[in-house]
Structure formats: structure tokens, C-alpha cells
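Summary of the model geometry
Next come the chains, spelled out residue by residue.
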Amino acid sequence: MSLPAFDDTIAAIATAPGDSGLAVVRVSGAGALACAARVFEGAPLESALSHTLHHGWARGPAEGAPRLDEVVAAVFRAPRSYTREDVVEFSCHGGRLPARRLLAALLGAGARLATPGEFTLRAFLRGRLDLAQAEAVADLIHAETERAADLALAQLSGALSKELHAITERVRDALAETEARVDFAEDVGGVEVPPHVREAIASAAAQLEAMLAGSAFARAVREGVHVPLVGRPNAGKSSLFNALLGEARAIVTDVPGTTRDRVSEPLELAGVRVTLSDTAGVREAADAIEAEGVERALASLASAACVLWVVDASRALTSEDHALAARFGAARVLVALNQSDRPGVTRASEVEALLPTALTCVPVSAVTGAGVDALREALARQLGGPESASLAGAVANARHAEALTRAAGALRRAGGAAQEGAPGEIVALELREALAAAGEVTGETLGEDLLERIFARFCIGK
Ligand SMILES: Nc1nc2c(ncn2[C@@H]2O[C@H](COP(=O)(O)OP(=O)(O)OP(=O)(O)O)[C@@H](O)[C@H]2O)c(=O)[nH]1
Ligand SMILES: [Mg+2]
């Protein structure tokens with residue numbers, strides 16, 4: 001597969017199907033105005049000025065074809081359009097048929113059906129957006145929290161690109177100066193990298209690393225996180241799950257081993273979409289069904305960035321708690337010291353002693369509701385971001401984080417080599433590698449297959 005040729009004219013429905021007041025069908029390409037004119041009964045679109053609206057009727061392209069809908073055509077002439085090509089956007093009626101009939105008419109008039117994301121791909125290929133901005137379009141469409149939408153909008157308006165550009169410009173300057181010294185070694189006195197260039201490299205690396213430091217929370221905002229509730233049978237996981245959600249979603253009984261299957265529900269915390277899962281109590285299972293549930297509970301630990309460990313503080317810790325604590329791995333652990341309405345037996349310090357990393361323990365009662373708000377707040381803090389943290393310029397995308405980590409690594413190696421007095425060629429090699437990696441974010445250096453994969457995430461019509 002290769003990128004679609006982009007000198008032809010494409011059309012697609014830009015709005016979601018279903019009952020709605022309006023739908024939008026758009027056409028883009030050198031032939032967009034001619035194609036739109038063939039299905040439009042109204043003012044002559046081919047001679048219409050840019051940024052004008054025209055009321056009229058959509059109809060089939062054949063001579064004498066009947067009207068299909070009453071529409072408004074918006075004309076955008078290149079390069080002042082979303083794709084930088086000639087574009088016509090028809091607003092027609094919503095519902096199942098009007099937009100589909102209009103699209104069929106446009107295809108009959110010579111347009112090709114656009115591939116997913118092709119309008120935005122064209123905007124990227126024609127230089128209206130860089131790749132990080134184009135990806136933000138899909139992020140904005142898929143955003144499920146206000147904060148995720150704000151993050152996508154900041155990236156769309158170029159906040160990330162601008163920060164990166166400032167860094168890569170410094171690296172480019174350092175590279176130019178290093179290469180000049182290599183090329184004219186005799187004239188400028190030796191091929192070693194001078195101190196001010198070394199400093200520029202080190203500070204560019206530090207800036208990239210600072211951007212990456214905030215990336216875990218930005219990714220949580222963009223992608224959402226999965227938080228399983230785990231613990232011994234009867235600790236009160238299902239009760240606490242229900243209390244956190246504010247509804248009686250999972251079955252609660254006093255029989256240990258009540259929960260078998262994993263039950264998941266979404267919850268929004270600090271602008272992050274959290275998928276909370278209630279799981280089976282971990283113990284030596286009594287039957288095959290429970291054993292499968294315990295297996296699933298343990299499996300949920302593997303993919304979780306954060307775990308809510310529910311401990312019944314009215315009972316002593318057992319070897320099962322020790323065994324469970326050993327399974328947490330790299331996940332951040334938040335402890336709910338549940339059943340705090342009953343006389344306490346297990347103290348926070350005993351639980352903390354089970355894990356090598358620092359823990360936050362919050363006393364709660366799933367039955368009285370005491371401490372549940374504090375637990376919600378602790379979980380929000382655990383997800384990484386203070387409520388007020390600015391996400392402008394944040395690295396929210398795993399692909400970006402990976403590329404920038406490589407760029408920072410190459411800069412560190414360049415700085416190290418320069419420090420040791422290595423020849424300028426070696427330093428230049430690493431600097432070029434850093435620029436190539438950073439360029440993958442903005443799309444300056446990217447293969448076609450990767451572009452295809454990125455734009456395949458889009459919906460048709462975007
Ligand atoms: N007093 C008191 N009882 C609680 C509290 N939380 C849960 N319980 C009771 O403890 C029993 C077990 O609660 P569940 O929520 O089903 O416990 P679980 O951890 O989901 O248990 P399994 O699904 O068997 O692993 C029920 O009778 C609850 O009413 C609490 O904070 N205080
Ligand atoms: Mg349960």
C-alpha cells in the first residue's frame with residue numbers, strides 16, 4: 001500500500017451518521033469546484049469567490065436528474081482552505097439518506113471517496129499542519145474529558161511543535177558550527193567542539209528531558225488509565241468500587257469469593273478518564289471459576305500503571321497479602337485501609353513495610369462513605385498531575401515520547417563525546433541522529449508506512 005495520489009479530487013461525509021439537523025459533505029482537490037458545480041443547482045460555483053456561501057439544491061450529475069436535497073455550499077479556494085486545495089463543503093440535512101445521496105452524486109461527478117484522514121493528510125502534505133498538529137486533530141475528535149480536549153487543542157495550535165522547534169533550532173546551530181569546524185579544520189583551529197556549543201547541546205538535552213518528565217501525566221490525560229481494585233476476599237473491593245462510582249454496580253455479599261469476573265466502569269478524575277475494575281479476591285481458589293477470576297485479577301496487575309489495593313484494616317495481614325504485594329511490580333500502589341468504621345487491627349505502617357516503594361494509605365469505610373472523597377483525591381494525585389499543571393507543549397503521545405527519548409539520548413551522547421574531546425565528526429553524527437528523531441514528531445523525517453498508520457486512526461471525512 002502506498003499513500004493515495006493526491007492530485008485527484010476526493011469527497012466524503014464529514015459528520016457522523018444518524019439523526020441530526022445537518023450533515024456536511026466535503027470535496028477537495030483541483031477539480032472540487034467543477035465537481036461540486038455538477039451536482040449543485042444554484043449560483044455557478046466554478047466562478048464563486050473564496051469564503052462565500054450559496055443556497056441551492058443538490059442533484060445527480062446526469063442531465064435532468066432529480067433534486068436530492070436543499071443545501072448550502074461553502075466555497076474555499078486554495079490555499080485558504082483546510083487542505084490548501086479548492087474545497088466545497090455542502091451542508092445538507094442530517095439523517096440516513098441526504099448526505100449519502102449527495103456523496104453518491106459527487107462520486108458520480110468524478111470525485112473519489114476519501115480514505116480515512118485524507119483531508120488532514122493533504123493538509124499535512126501541503127504544509128498547513130505539521131504531523132504533531134495533524135495527530136492532534138484525531139486526538140481532539142477522540143477526547144473523552146475536557147482536559148484531553150484542551151490538551152489536543154494546545155497541540156493542534158502548535159504548542160508542542162513550537163517548543164520542539166526552539167530546541168531543534170539550537171541543535172541545528174550546534175551542528176552547523178561543529179560541521180564547519182570539521183570542514184575547515186585548519187582555519188578555525190582544530191576539530192574539537194568549543195565550550196559554547198557543548199553548553200548548547202547540554203541545555204537542549206535538558207530541555208527535552210524536562211518535556212519528557214511531564215509526559216506520563218499528559219499520556220494519562222490523552223489515553224486514560226486502567227486502575228484495578230485488588231485485595232483479599234471480603235476486603236470490601238466491590239463495596240469500595242460501588243462507593244467510588246456512586247452506584248451499586250458490583251455485587252456485594254459477606255461471602256468471601258463473591259466477585260469472579262472483572263467488572264469495569266469509567267470514572268473521571270483530575271481530567272483523566274480512569275477505567276476502574278473490580279476484581280476477584282486473591283486467595284487459593286475454591287473452584288475452577290474462582291481460580292479463573294483470581295487469574296484475571298492478577299493479570300490486570302500486569303497492564304496497570306496504578307493499582308488500588310484494598311486492605312481490610314479490621315483484620316490482620318496474612319501471607320496472602322504478602323504474596324499479593326510481591327506481584328505489584330512497577331505499578332504505583334495506592335492503599336485503601338477499608339472497614340475503618342470497625343476497630344482497627346492493621347496499621348498503615350504494617351502495610352507500608354510490605355513494599356519497597358513509598359505508599360499512600362488512606363483510611364476509608366465503603367459502608368459509611370468516610371474517606372471516600374479523600375481516596376478519590378489521593379488517586380487523582382497518584383495519576384500524576386496536580387490539578388493546575390499546564391499541559392501546553394506536553395508530550396502526550398507514546399510515539400512522540402519514544403522519538404524524543406531517542407533524541408535526548410543522542411544529544412546526551414553528543415554532549416559526552418564533545419566533553420571527552422572526541423572528533424567533531426562523531427559529535428555531528430549524534431546531533432544529526434537527534435534531529436532525525438525529533439523530526440519524526442513533526443513529520444520532517446518519516447516513512448510513508450508510518451504516515452499511513454497514523455492517518456488510519458482517523459475517521460473518513462476528517
Ligand atoms: N463494616 C464494614 N463492612 C464492609 C466495608 N466494606 C465492605 N464491607 C462488608 O464486607 C463484606 C464483603 O464486601 P465486598 O465488597 O463484597 O468484598 P470484596 O472484597 O469485593 O469480596 P470478594 O468479591 O469476595 O473478593 C460485605 O458484607 C460488605 O458489606 C466497610 O468499610 N465497613
Ligand atoms: Mg467483590
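Residues numbered from 1 in each chain as written. Chains lettered and ligands numbered in written order. Predicted model: local features only at pLDDT ≥ 70, side-chain atom pairs only at ≥ 80, totals over all residues. Heavy atoms only, no water.

What follows covers the pattern of salt bridges. By the definition in use, this model includes 32 salt bridges. Note that Asp 8 is salt-bridged to Arg 112, the shortest N-O span being 2.6 Å. Residue Asp 8 is located in the segment before β1 (10-13), and its partner Arg 112 is located in strand β7 (residues 112-113); the two are separated by 104 residues in the primary sequence. Of the charged contacts in the structure, one is a salt bridge between Glu 169 and Arg 172, with a shortest N-O distance of 3.2 Å. In this pair, Glu 169 and Arg 172 are both assigned in helix α6 (residues 159-183), 3 residues apart and thus about one turn of the helix distant. When its relative accessible area of 31% is taken as the criterion, Arg 172 is described as partly exposed. Through salt bridges with shared partners, a single network forms among Asp 8, Glu 85, Arg 112, Glu 118, Arg 122 and Arg 126. (Salt bridge = Lys/Arg side-chain N within 4 Å of Asp/Glu carboxyl O. Helix = DSSP H or I, 4+ residues; strand = E, 2+ residues; numbered from the N terminus. Buried < 20%, exposed > 50% of the residue type's maximum accessible area, 1.4 Å probe, protein only.)

For helix α15 (residues 398-419), with 22 residues, the first-to-last C-alpha span of 31 Å sits near the 32 Å given by 1.5 Å per residue. Just downstream of α15, Gly 421 is the residue with a positive phi angle, here 75°. (Expected span 1.5 Å × (residues − 1).)

All right, on to the sheet that holds strand β13 (residues 360-363) then. Pairing within the open sheet is mixed, and its 6 strands lie in the order β9-β10-β8-β11-β12-β13. Looking at the sheet topology across the chains shown, the edges are occupied by β9 (263-269) and β13. Adjacent strand axes in the sheet meet at a mean angle of 25° when their direction is disregarded. With 5 bridges joining them, strand β8 (residues 225-231) and strand β10 (residues 272-278) adopt parallel strand pairing. By the bridge assignment, Pro 228 is partnered in β10 with Ser 277. Relative to the sheet, helix α14 (residues 372-382) contacts β8, β9, β10, β11 (306-312), β12 (332-338) and β13, its axis offset from that of β12 by approximately 175°. (Pairing = 2+ DSSP bridges. Axes fitted to C-alpha atoms, helices over the stretch in contact; angles between N-to-C directions. Contact = heavy atoms within 4.5 Å.)

Turning our attention to the environment of Pro 66. Position of Pro 66 relative to the elements: it lies in the loop between β4 (52-59) and β5 (67-76). Overall, the relative accessible area of 59% leaves Pro 66 in the exposed class. When residues no more than four places from it in sequence are discounted, the contact partners of Pro 66 are Arg 59 and Gly 60.

A full pass over the atoms with the stated rule returns 2 cavities of 30 Å³ or more. Considered as a void within the structure, the largest cavity measures approximately 40 Å³ in volume. In terms of lining, the largest cavity is formed by Leu 164, Ile 167, Thr 168, Val 171, Leu 208, Ala 407, Leu 411, Ala 434, Leu 435 and Ala 438. Put simply, the parts of the chain that give the lining of the largest cavity at least two residues each are α6, α15 and α16 (424-442). (1 Å grid on protein atoms, 1.4 Å probe; cavity = no way out; pocket = protein on both sides within 12 Å on 5 of 7 lines; lining within 4 Å. Points joined across faces, edges and corners; volume = space filled by probe spheres on them.)

Residues Leu 107, Leu 113 and Ile 460 make up a contiguous nonpolar surface patch of roughly 230 Å² in combined accessible area. Position of Ile 460 relative to the elements: it lies in the segment after α17 (448-455). Assessed through its relative accessible area of 42%, Ile 460 is described here as partly exposed. (Patch = residues over 30% accessible without salt bridge, like charges linked within 9 Å, V, L, I, M, F, W, Y side chains within 5 Å. Areas by Shrake-Rupley, 256 points an atom, 1.4 Å probe, with all protein chains shown as cover.)

A few words now on the coordination of the magnesium ion (ligand 2). Those protein atoms acting as donors to the magnesium ion (ligand 2) are Ser 238 (OG) and Thr 259 (OG1), and they sit at 2.0 to 2.1 Å. One end of the pair, Ser 238, is in helix α10 (residues 237-245); the other, Thr 259, is in the loop between α10 and β9, and 21 residues separate them in sequence. The exposure class of Ser 238 is buried, given its relative accessible area of 8%. When its relative accessible area of 12% is taken as the criterion, Thr 259 is described as buried. (Donors = N, O, S within 2.8 Å, 3.2 Å for Na, K, Ca; no water.)

Quick look at the layout of surface pockets now. Roughly 350 Å³ of internal volume is contained in the largest pocket. The wall of the largest pocket is formed by 26 residues, among which Asn 234, Ala 235, Gly 236, Ser 239 and Thr 253 lie closest to the centre. For the lining of the largest pocket, the leading source of residues is α10, giving 3 residues. Per-class residue counts for the lining of the largest pocket are 7 nonpolar, 13 polar and 6 charged. There is about 260 Å³ of room inside the second largest pocket. Residue lining of the second largest pocket: 18 residues in total, with Ile 13, Thr 15, Ala 16, Pro 17 and Gly 18 positioned closest to the centre. (Nonpolar A, V, L, I, M, F, W, Y, C, P; charged D, E, K, R; others polar.)

Looking at ligand 1, there are 24 residues lining it, with Lys 237, Ser 239, Gly 257, Thr 259 and Asp 341 nearest. Interatomic distance of 3.2 Å between a backbone N/O atom of Ala 235 and an oxygen atom of ligand 1. Here an oxygen atom of ligand 1 and a backbone polar atom of Ala 366 are 3.0 Å apart. Burial of ligand 1 by the protein chains amounts to 87% of its free accessible area of 650 Å². Judged by its atoms lying within 2 Å of the grid points, ligand 1 is housed in the largest pocket. Class assignment for the residues of the shell around ligand 1 results in 7 nonpolar, 12 polar and 5 charged. (Near = heavy atom within 4 Å. Polar contact = N/O pair within 3.5 Å; in protein donor to acceptor, adjacent residues only side chain to side chain. Sits in = over half its atoms within 2 Å of the grid points.)

Turning our attention to the sheet that holds β7. An order of β3-β4-β5-β6-β2-β1-β7 is seen for the 7 strands of this open sheet, with the pairing classed as mixed. Where the open sheet ends on each side, the last strands, each with one partner, are β3 (40-41) and β7. Across the sheet, helix α3 (residues 118-125) touches β1, β2 (22-28) and β7, and the angle it forms with β1 is around 135°.

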